[in-house]
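In case you want the letters, here they are:
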Amino acid sequence: MDIQGVVTAGFEPVRDAFVRSFEVLGDRGAAVAVYRDGRKVVDLWGGTRDADGTAPWTEDTAQVVRSATKGVAAAVPLLLHQRGLLDLDAPVGAYWPEFKAGGKEKVLVRDLLAHRSGVPALDRGLTAAEAADGVSGPRAVAAQRPFWEPGTGHGYHAQTYSWLLSELVLRVTGRTLGCVLAEEIAEPLGVDFWIGLPDAEAEAGRVGRVAPVEPPESAGMLRTRPRRNVSEAYADPASLTRRAFAAIDPLPDENAPAYRAAELPASNGIGTARALARFYAATIGVVEDGARIFTPATTALAAREHSAGPDRVLVVNTRFGAGYMLHGPASPLLSPASFGHPGRGGSLAFADPEAGIGFGYVTNALAKSVTADPRAQALVRALKSAL
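The structure contained in this document is the topic of the report that follows. (Residues numbered from 1 in each chain as written. Predicted model: local features only at pLDDT ≥ 70, side-chain atom pairs only at ≥ 80, totals over all residues. Heavy atoms only, no water.)

**Observations concerning unusual backbone geometry**
Then, in step 1: Following Asp249, the chain continues to Pro250 via a peptide bond in cis, the omega torsion being 0°.
Then, in step 2: Tracing the chain through its elements places Pro250 in the loop between helix 10 (240-245) and helix 11 (257-261).
Then, in step 3: Even without glycine at this site, Arg66 takes up a positive phi of about 50°.
Then, in step 4: Here Arg66 lies in the loop between strand 4 (63-64) and helix 2 (68-82).
Then, in step 5: The phi torsion at His115 lies on the positive side, around 60°, for a residue other than glycine.
Then, in step 6: Topologically, His115 is positioned in the loop between helix 3 (109-113) and helix 4 (128-132).
Then, in step 7: Judged by relative accessible area, which is 0%, His115 ranks as buried. (Helix = DSSP H or I, 4+ residues; strand = E, 2+ residues; numbered from the N terminus. Buried < 20%, exposed > 50% of the residue type's maximum accessible area, 1.4 Å probe, protein only.)

Below you can see the structure in the form of structure tokens.
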């Protein structure tokens, strides 16, 4: 495998693990990047731009990162909070009156961020067109009766997170979340990451095609079977697990131009590994040219545990901060101080304020993993060995 890019001395284990992702673990095209103390120390890419193609992955190839989008999207409401425009302890209904319907009048803004609002699913799944139209999704979650008493437990809002966050940001700012992200975070920081792919980027052909893949026989660790109760939850059409992931039904074509152009902050962010690593580095400190996103207080808020224990959707124990998944058995990151988000199928990005790390891994070969893909985990272990 011809791996391109650079590795600072001492971080060679990350390169070795990245090579193994292709040679043993079944990667088709991927990139990994690491910042330490605001400075880029790993920036690697290899394979093909399309999971089912032959054109090479290049330095600026971007991909759909699925739920790794959530961690980037969460920076928007936290930035609004940092600026005094959004109170995390205010009821969501104070900004979005229609949301109070169905017994949700006491749901707080921080409940939305920490997957505690009780609306991870919908009584009727939306079509791909409805999910993307900017109206049907917010209307559906506003009308939805919660599946548990809000604030009393948590469950991963796999798809509904899109409409919860996007409508809240729209009500507070008058702009879409993707627009605020572009203008207030991505452009000042100089990162290639979009929620709502611009026409110019779509026409440039930078974005590769993702595809589901079966791991090779050599990748035995990818064939680990989930626990029985987890398997049963994903197999049962009536379970909250299946219903949460089926809030868009049928699932959209992630390579379709219309899907890429839509703004779905839960699932359709598009970017590079370099952008994710730099973004997370800027949430915990100053990066190379002096840019920073969060104050120390906001960084602490992102990493502070808001939800922990049995997840009513994922059927495992999970931990969430204010918009970010935290280190734990279901989603191991670098250390207990880490905060970030995986993407179903492989992608992973996070920050570790104690180690000064911003990490991003992007792949177009979508495996069956949900929160702990072995390729990403191997890279994290290699990074840990290098520190």
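On we go.
**Here we look at the environment of Gly358**
Then, in step 1: Mapped onto the elements, Gly358 comes out in strand 13 (residues 357-363).
Then, in step 2: Distance in space between the C-alpha atoms of Gly358 and Gly309 is 26 Å, their sequence separation being 49 residues.

**Comments concerning the packing of aromatic side chains**
Ring pairs (aromatic) are described by centroid distance and by the angle formed between their planes.
Then, in step 1: Per the stated rule, a full pass over the model turns up 10 aromatic pairs.
Then, in step 2: Look at Tyr280 and Phe339: their rings are 6.3 Å apart centre to centre, the planes differ by 65°, and that puts the pair in the edge-to-face class. Of the two residues, Tyr280 sits in helix 12 (residues 273-284) while Phe339 sits in strand 11 (residues 339-342), which places them 59 residues apart along the sequence.
Then, in step 3: The exposure class assigned to Tyr280 is buried, which follows from its relative accessible area of 0%.
Then, in step 4: Aromatic rings pair up to connect Tyr156, Tyr234, Phe245 and Phe320 into one cluster.
Then, in step 5: Above the ring of Phe99, the side-chain terminus of Lys104 is found at 4.8 Å from the ring centroid.
Then, in step 6: Positioned above the aromatic ring of Phe245, the side-chain terminus of Arg344 is 4.5 Å from the ring centre. (Phe/Tyr/Trp six-rings, centres within 6.5 Å; stacked < 30°, edge-to-face > 60°. Lys NZ or Arg CZ within 6 Å of the ring centre and 35° of its normal.)

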